Amino acid sequence: GRDLLSVLRGSGKGIYRQILAADVLSGQRQVIRLSDPVRGVVKVSGIRLRNGTSGIFIQTYQDYRIYSTTGEFLVWGNTNTSPRGTIAVGDYLSEEGDEVAVLNSDDGEISVFNPYSVNKRVIRGGSGTSLHDGGTGLVLSNAG
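Residues numbered from 1 in each chain as written. Predicted model: local features only at pLDDT ≥ 70, side-chain atom pairs only at ≥ 80, totals over all residues. Heavy atoms only, no water.

**Focus on the environment of Tyr116**
Heads up, the condition is: The helix count covers DSSP runs of H or I at least four residues long, the strand count covers runs of E at least two residues long, and both are numbered beginning at the N terminus. Type-normalised accessible area, obtained with a 1.4 Å probe on protein chains alone, sets the label of each residue: buried when under 20%, exposed when over 50%, and partly exposed for intermediate values. What makes two residues a contact is simply this: any of their non-hydrogen atoms within 4.5 Å.
Within the secondary structure, Tyr116 sits in the loop between β10 (109-113) and β11 (120-124). Classification of Tyr116 by relative accessible area gives partly exposed; the value is 26%. Those residues in contact with Tyr116 that lie beyond four places of it in its chain are Leu49, Arg50, Leu74 and Val75.

**Some words on the sheet that holds strand β2 (residues 15-22)**
Within a sheet, neighbouring strands are paired by backbone hydrogen bonds and run either parallel or antiparallel to one another. Condition: Only strands joined by at least two bridges in the DSSP assignment are considered to pair. Axis lines are fitted through C-alpha atoms, for helices just across the contact stretch, and the angle between N-to-C directions can take any value from 0 to 180 degrees.
A sheet is described by the order of its strands in space; here 3 strands give the open sequence β1-β2-β3, paired in antiparallel fashion. On the outer flanks of this sheet lie β1 (5-10) and β3 (29-39), each paired with one strand and no other. Neighbour to neighbour, the strand axes of the sheet diverge by 30° on average, direction disregarded. With 6 bridges connecting them, β1 and β2 associate as antiparallel partners. Pairing of Val7 across the sheet is with Leu20, part of β2.

**Some points on the pairing of strand β4 (residues 41-48)**
Bridge analysis of β4 against strand β5 (residues 54-60) gives 7 bridges, and the strand direction is antiparallel. In the sheet register, Ser45 faces β5, and the bridge partner there is Phe57.

**Observations regarding the pairing of β10**
Burial analysis of β10 places 4 of its 5 residues in the buried class, the great majority of the element. Both strand β9 (residues 99-104) and β10 contribute to a ladder of 5 bridges, which runs antiparallel. Counted as the bridge partner of Val102 is Ser111 from β10. Here 5 bridges tie β10 to β11, and the two strands are oriented antiparallel to one another. When the bridges of β11 are listed, Ser111 appears paired with Val122.

**A look at the side chain of Glu99**
Here is the rule we go by: When charges are counted, Lys and Arg are positive and Asp and Glu negative, with His and the chain ends excluded. Here, a salt bridge means any Lys or Arg side-chain nitrogen found within 4 Å of an Asp or Glu carboxyl oxygen. For the purposes of these results, a polar contact is taken to be a pair of N or O atoms within 3.5 Å, where, inside protein, one atom must be able to donate a hydrogen and its partner to accept one; residues adjacent in sequence count only when each atom of the pair is a side-chain atom.
Note on placement: Glu99 falls in strand β9. Buried within the structure, Glu99 lacks any salt-bridge partner; Arg48 is the closest side chain of opposite charge, at an N-O distance of 6.8 Å. Within the local environment of Glu99, its side chain forms a polar contact with the backbone nitrogen of Tyr92, the two atoms lying 2.9 Å apart. If we skip the residues at most four places from it in the chain, Glu99 touches Ala88, Val89, Gly90, Asp91, Tyr92, Leu93, Val112, Phe113 and Asn114.

**What about the packing of aromatic side chains?**
Convention followed: Aromatic rings from Phe, Tyr and Trp, with only the six-membered ring used for Trp, were paired whenever their centres fell within 6.5 Å, and each pair was classed as stacked if the ring planes differed by under 30 degrees, edge-to-face if by over 60, and tilted otherwise.
All told, the structure shown has 3 aromatic pairs when counted by the stated rule. Ring centres of Tyr64 and Phe113 lie 5.5 Å apart, and the angle between their planes is 45°; this geometry places the pair in the tilted category. Placement of the pair is Tyr64 in strand β6 (residues 63-68) and Phe113 in strand β10, with a sequence separation of 49 residues. Exposure remark for Tyr64: the relative accessible area of 10% places this residue in the buried category. Between Tyr67 and Phe73, the ring centres sit 5.4 Å apart and the planes meet at 50°, which makes this aromatic pair tilted. We classify Tyr67 as buried; its relative accessible area is 0%. Cluster of aromatic residues (ring-pair linked, three or more members): Phe57, Tyr64 and Phe113.

**Overview of the pattern of salt bridges**
Between side chains of opposite charge, a pair can form when the charged atoms approach closely. Inspection of the entire model under this criterion finds 4 salt bridges. Among the salt bridges present, the one from Asp91 reaches Arg48, with a minimum N-O distance of 3.0 Å. Taken as a pair, Asp91 in the loop between β8 (87-90) and β9 and Arg48 in strand β4 lie far apart in primary sequence, 43 residues in all. Given the relative accessible area of 41%, Asp91 is considered partly exposed.

So this is what it looks like as structure tokens:
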């Protein structure tokens with residue numbers, strides 16, 4: 001159920017078709033061929049899916065996507081329907097699998113949602129500019 005360290009592999013034109021995923025503890029690596037190539041990538045991280053299985057989270061400029069470790073396209077979300085801003089992936093709610101947290105830096109609103117249960121919780125985070133998983137919860141910080 002650990003997250004995977006992931007590296008995008010592309011075609012040289014900003015289009016990514018593969019991910020090299022590694023388990024840091026065991027050293028095992030695998031190449032994941034994406035069923036739907038991506039471009040304009042902002043962030044890539046491992047995400048725990050339901051039942052403790054591993055997956056890959058990819059944020060682009062237009063959307064976010066979740067793939068299984070076999071490259072199967074699982075979940076898609078459009079950034080137009082949620083605040084644009086920094087995104088952190090972690091286990092924030094008491095539901096199976098990890099959640100995706102999106103910070104709207106303009107008003108400090110953080111949307112935390114589970115891609116499978118579609119459960120969403122909105123909290124006021126203050127005037128921070130970056131968001132990351134602090135191990136036990138979300139950490140909001142200011143640059144500078």
